[in-house]
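Each chain, written out:
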Amino acid sequence: ADYSTKESQGNANLDYTELVVGPGIYWSLREGSWVRATLGYAERDQDNPALEDYSGLVGRITGVWAKSEAKSIRMSVWHEISSFGDEIATFALVTGASIDPTFQIGNRAYVSFELGYETRDFRGEPDLPGQILPHRDDDVLTGVFRLEWRLTENSNISGEYRTQDRQSTRGGRDYEF
């Protein structure tokens, strides 16, 4: 697929073509519990020859274990290529893991917590004129507290509190919210 960044960033130099091929499986272990896995080969070719291309393995494994509708836990592990719209790098290799347990606390009320960690290895970052930038790796820790009330089988109302902490090898890129 061809991806254009002209509209979002006003810079045609970040356009690229990406192809990902590979299998995926879905395995239902029992009522409410399942595993989904994808493994693929990704190739991203930047339109600008001065920027770094990427080719290599990508994948994600997600599993849900549900003892009942009232208690479940979701776990994921991934290694993917990503474009962050708020960053100048052409792409980042993102490796991470998360865990997300959910508990029923009332007739239709649920509470869940999520804890995630990922590393972001930024690639293809153009140097500014007269300035050579050091390589950038970020560590991102995310925490979420979520309350949900299921109105019907197909609708719900939820609210969440999310916090995130990023530590970067490049000065001025750390944040906490």
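Residues numbered from 1 in each chain as written. Predicted model: local features only at pLDDT ≥ 70, side-chain atom pairs only at ≥ 80, totals over all residues. Heavy atoms only, no water.

(A) Looking closely at the overall build of the protein chain. Counting its regular elements, the protein chain contains one helix and eleven strands. Counting from the amino terminus, the protein chain carries its helices and strands in the arrangement β-α-β-β-β-β-β-β-β-β-β-β. Counting every position in the protein chain, which comprises 177 residues, the buried fraction comes to 34%. Considering only intrachain contacts with a sequence separation of at least 6, the fraction spanning at least 24 residues in the protein chain is 45%. (Helix = DSSP H or I, 4+ residues; strand = E, 2+ residues; numbered from the N terminus. Buried < 20%, exposed > 50% of the residue type's maximum accessible area, 1.4 Å probe, protein only. Contact = heavy atoms within 4.5 Å.)

(B) The nonpolar core, seen in detail. Counting residues in hydrophobic clusters, the biggest one holds six residues: A42, Y54, V58, I81, F91 and L93. When residues of this core are traced back to their parent elements, those giving at least two are β5 (54-68) and β7 (91-104). Setting aside its immediate chain neighbours within four residues, A42 contacts L19, V20, Y54, S55, G56 and V58. Within the second largest apolar cluster, five residues are counted, among which are W78, F84, V94 and F122. (Core = buried A, V, L, I, M, F, W, Y, C linked by side-chain atoms within 4.5 Å.)

(C) Up close: the pairing of strand β6 (residues 71-82). Bridge count between β5 and β6: nine bridges; the pairing is antiparallel. Directly across from T62, in β6, lies its bridge partner S76. Where β5 folds back onto β6 in an antiparallel hairpin, the turn is made up of two residues. As paired strands, β6 and β7 are joined by twelve bridges and run antiparallel to one another. The partner of V77 across the bridge, within β7, is A97. (Pairing = 2+ DSSP bridges.)

(D) Spatial organisation of the packing of aromatic side chains. Applying the stated criterion across every chain yields a total of three aromatic pairs. Between F113 and F145, the ring centres sit 5.5 Å apart and the planes meet at 45°, which makes this aromatic pair tilted. On the criterion of sequence distance, the pair formed by F113 in strand β8 (residues 109-123) and F145 in strand β9 (residues 137-152) is long-range, its members being 32 residues apart. The class for F113 is partly exposed, based on a relative accessible area of 38%. Above the ring of W34, the side-chain terminus of R36 is found at 4.9 Å from the ring centroid. (Phe/Tyr/Trp six-rings, centres within 6.5 Å; stacked < 30°, edge-to-face > 60°. Lys NZ or Arg CZ within 6 Å of the ring centre and 35° of its normal.)

(E) Spatial organisation of a nonpolar patch on the surface. A surface patch of nonpolar side chains, about 590 Å² in accessible area, is lined by F103, I105, F113, F145, L147 and Y161. Summarising the element assignment, I105 is placed in the loop between β7 and β8. A residue is classified by how much of its surface remains accessible, and I105, at 55% relative accessible area, is exposed. (Patch = residues over 30% accessible without salt bridge, like charges linked within 9 Å, V, L, I, M, F, W, Y side chains within 5 Å. Areas by Shrake-Rupley, 256 points an atom, 1.4 Å probe, with all protein chains shown as cover. Salt bridge = Lys/Arg side-chain N within 4 Å of Asp/Glu carboxyl O.)

(F) View of the environment of E31. By the element assignment, E31 lies in the loop between β3 (24-30) and β4 (33-46). Residues E31 and S68 lie 37 residues apart in sequence; the distance between their C-alpha atoms is 8.4 Å.

(G) Region of interest: the environment of I61. When you line up the elements, I61 lands in strand β5. For I61 and V35, which are 26 residues apart along the polypeptide, the C-alpha to C-alpha distance reads 7.2 Å. Not counting chain neighbours up to four residues away, the residues in contact with I61 comprise V35, R36, A37, M75, S76 and V77.

(H) Structural detail: a negative patch on the surface. Judged by side-chain charge, E43, D45, D47 and D53 come together as a negatively charged surface patch. Along the polypeptide, D45 turns up in strand β4. (Lys, Arg positive; Asp, Glu negative; His and termini not counted. Charge placed at Lys NZ, Arg CZ, Asp CG, Glu CD.)

(I) Spotlight on the pairing of β8. Sheet analysis places β7 next to β8, joined by twelve bridges and oriented antiparallel. Bridge pairing in β8 places A92 opposite F122. Hairpin geometry of β7 and β8 is characterised by an intervening segment of four residues between the two adjacent antiparallel strands. Where β8 meets β9, 13 bridges bridge the pair, whose relative direction is antiparallel. Its bridge partner being in β9, T119 is matched across the sheet by D139.

Any functional reading would require information that these geometric values do not contain.
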